Amino acid sequence: VLSDIHVGIFSGNPHQLNQLIRTLNQLDVSAVLIAGDWLYHAGADILGQMVVFKALNKPCFTVFSEQDNHQIVTRADSQLDNQNELTYVLQTLGIQIINGSSVTLEGVTLVGAGAKTHLAQNATFHPKLTTHQPLLILTHDIKNLAENANHLLNNDNPKLIIAGQTHGGQVYVPYLTNALVKAMTGTHERAGLSIYAPDRRSRYQVWTTTGIGMTGLPFRLNCPPSIDVLTLYL
């Protein structure tokens, strides 16, 4: 699990991305899940910057954040006019975009709860679940899921929500950073495992990843970039 790569002015240079792919390829995992926020003031040649992802040796699934939805350019090729550039790039690199859709992964149903706009467009989306089949929900912002995807939550299937967006605070100062993350994102936990309780009847496990990129400030402090390896006990 990783998130918030933010390829652009502060992070995601060729050396960093090559190191990321080498690390991912060495992991003994079933899949890589990326919880959105791919770019941050990236240059014009997004495909050239991200082509190293073509070397990823395991299945990779992703959802989009609201910021990802705004990465629109008009290409010279008329067949790609007004197409979302990021969608084109990720599909070219073999990364599966699961906004508003689901896939089966080793007995677990993986659902992509992307940005708010995707959830609104797929308000009637209901993954086909068998009784007690584990449900893994990938989203960028836990708030969007709470506001727009209750149909994913109101069932008896065991579920784990995976989210990003917080950067773990990016600059960690005890007590202060937790308060700032909550004020700025509405998320109670800046990173790690927590319990999400949208109402009195429902409680779900949530894993929030600290992400690996940077925005706003060109550095991290006491909050290194991380790839989280999760073992699911079914």
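For the structure itself, consult the block above.
Conventions adopted
- Residues numbered from 1 in each chain as written.
- Predicted model: local features only at pLDDT ≥ 70, side-chain atom pairs only at ≥ 80, totals over all residues.
- Heavy atoms only, no water.
- Helix = DSSP H or I, 4+ residues; strand = E, 2+ residues; numbered from the N terminus.
- Buried < 20%, exposed > 50% of the residue type's maximum accessible area, 1.4 Å probe, protein only.
- Contact = heavy atoms within 4.5 Å.
- Pairing = 2+ DSSP bridges.
- Core = buried A, V, L, I, M, F, W, Y, C linked by side-chain atoms within 4.5 Å.
- Phe/Tyr/Trp six-rings, centres within 6.5 Å; stacked < 30°, edge-to-face > 60°.
- Lys NZ or Arg CZ within 6 Å of the ring centre and 35° of its normal.

### What about the overall build of the chain?
From N to C terminus, the chain includes eight helices and eleven strands. Per-residue burial for the chain yields a buried fraction of 48% across its 234 residues. Partitioning the contacts of the chain with sequence separation of at least 6, the portion at a separation of at least 24 is 69%.

### Let's talk about the sheet that holds strand β2 (residues 32–34)
Ordered by their spatial adjacency, three strands build an open sheet running β2-β4-β5, and the pairing between neighbours is parallel. One side of each edge strand has no neighbouring strand; the edge strands of this open sheet are β2 and β5 (96–97). Pairing geometry for β2 and strand β4 (residues 60–62), over three bridges, is parallel. Bridge pairing in β4 places Ile 34 opposite Thr 62.

### Quick notes on the pairing of strand β8 (residues 135–139)
Sheet faces and side chains relate simply in a regular strand, where the side chains alternate between the two faces. When you tally the buried positions in β8, you get five out of five residues, the bulk of the element. Burial along β8 is two-sided: Leu 135, Ile 137 and Thr 139 facing one way and Leu 136 and Leu 138 facing the other are all buried. Looking at chain direction, strand β7 (residues 108–113) and β8 are connected through five bridges and run parallel. Bridging from a neighbouring strand, Thr 109 pairs with Leu 135 of β8.

### Considering the nonpolar core
Counting residues in each nonpolar core, the largest one holds 24 residues, and the members touching the most others are Leu 2, Ile 5, Ile 34, Trp 38, Met 50 and Phe 53. Ala 31, Leu 105, Leu 136 and Ile 162 belong to the second-largest nonpolar core, a separate cluster that totals 14 residues.

### Comments concerning the packing of aromatic side chains
Tallied over the entire structure, the rule returns two aromatic pairs. Between the aromatic rings of Phe 10 and Tyr 40, the centroid separation amounts to 5.7 Å while the plane-to-plane angle is 45 degrees, which identifies the pairing as tilted. With a gap of 30 residues between them, Phe 10 in the loop between β1 (7–8) and α1 (14–26) and Tyr 40 in strand β3 (residues 39–40) connect regions that are remote in the sequence. The interplanar angle of 65 degrees and the centroid separation of 5.4 Å between the aromatic rings of Trp 38 and Phe 53 together place this pair among those described as edge-to-face. Of the two residues, Trp 38 sits in the loop between β2 and β3 while Phe 53 sits in the loop between α2 (46–50) and β4, which places them 15 residues apart along the sequence. With respect to class, Trp 38 is no different from Phe 53; both count as buried. Directly above the aromatic system of Tyr 172 lies the positively charged group of Arg 190, at a separation of 3.9 Å from the ring centroid.

### Considerations on helix α4 (residues 85–92)
Listing the buried residues of α4 in full gives Glu 85, Leu 86, Thr 87, Val 89 and Leu 90. Here the buried face of α4 lies against β3, α2, β4, α3 (66–69) and β5. Within two residues after α4, Gly 94 carries a phi angle of roughly 80 degrees, on the positive side.

Purely geometric stuff here, so don't read any function into it on its own.
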